[in-house]
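What follows is each chain in one-letter form.
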Amino acid sequence: MPKTSTAGYGEQASTLVVQYESITFEDVHRDVLHLLPAPPARIVDVGAGTGRDAAALARRGHQVVAVEPTAELREAGRKLHADVDIDWLDDTLPALARLRERPTRFDVIMLTAVWMHLDADERAQAIGAVDALLADHGLVFLSLRHGPVPAGRRMFDVSAAETIALAEPYGLRSAHCSQRSGLMDRTDVHWTNLVLQR
């Protein structure tokens, strides 16, 4: 049976919770923090995991929806960040069907370590969902992982150039593109930070 985009996350949730929460929002996003709009912006964190980023954004004064399809991570996030006003939602790419039922359009869409889990057809569908959810002049923050695929997971090596080209017909242009080494002393992993703007 083919792996899904969320393969491996539920089974490894207890380990991943510790791992995700050991890194700060500021460390992960240091190259693009200057592009975040002033609060209160409407932000959706798609693939929010434990809510580390969603909580940090809410503490900065933003209105945050955290979308996480893996129940184990979503429940851990609710408990870990119960003191912060986060709207948690069980939904998944590429369609984001439940999120799209809402009337809200977002100033920022966060896709941190998410996009490379989608195959080419799913990415083509997902960019349409992102477009439908993005407000005028909105920003899409993506981080793309490059390196060996962990056991039990599904990932694809997705380039910034491909992602920019996929977004262009929707009126999204690159506002930032940079490379950085992996966190947690992973020398075999590096990341692309990409910000698209309508």
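The paragraphs below set out a description of the structure included in this document. These numbers were taken from a predicted model, which means no experiment stands behind them.

Rules and cut-offs
- Residues numbered from 1 in each chain as written.
- Predicted model: local features only at pLDDT ≥ 70, side-chain atom pairs only at ≥ 80, totals over all residues.
- Heavy atoms only, no water.
- Helix = DSSP H or I, 4+ residues; strand = E, 2+ residues; numbered from the N terminus.
- Buried < 20%, exposed > 50% of the residue type's maximum accessible area, 1.4 Å probe, protein only.
- Pairing = 2+ DSSP bridges.

### Here's the deal with unusual backbone geometry
For the bond from Pro39 to Pro40, the omega torsion is 0°, close enough to zero to count as cis. With respect to the helices and strands, Pro40 occurs in the loop between helix 2 (25-28) and strand 1 (42-46). Along the chain, Leu93 connects to Pro94 via a cis peptide bond; the corresponding omega equals 10°. Here Pro94 shows up in the loop between strand 3 (86-89) and helix 5 (97-100). Even without being glycine, Ala113 reaches a positive phi, approximately 55°. Summarising the element assignment, Ala113 is placed in the loop between strand 4 (106-112) and helix 6 (120-133).

### Examining the pairing of strand 7 (residues 190-197)
Most of strand 7 is tucked away, with six of its eight residues classed as buried. Taken together, the eight bridges between strand 5 (residues 134-146) and strand 7 define a ladder with antiparallel strand orientation. Among the inter-strand pairings, Leu139 is bridged to a residue of strand 7, identified as Gln197. Note that strand 6 (residues 173-181) and strand 7 share eight bridges and pair antiparallel. Among the inter-strand pairings, Arg173 is bridged to a residue of strand 7, identified as Gln197.

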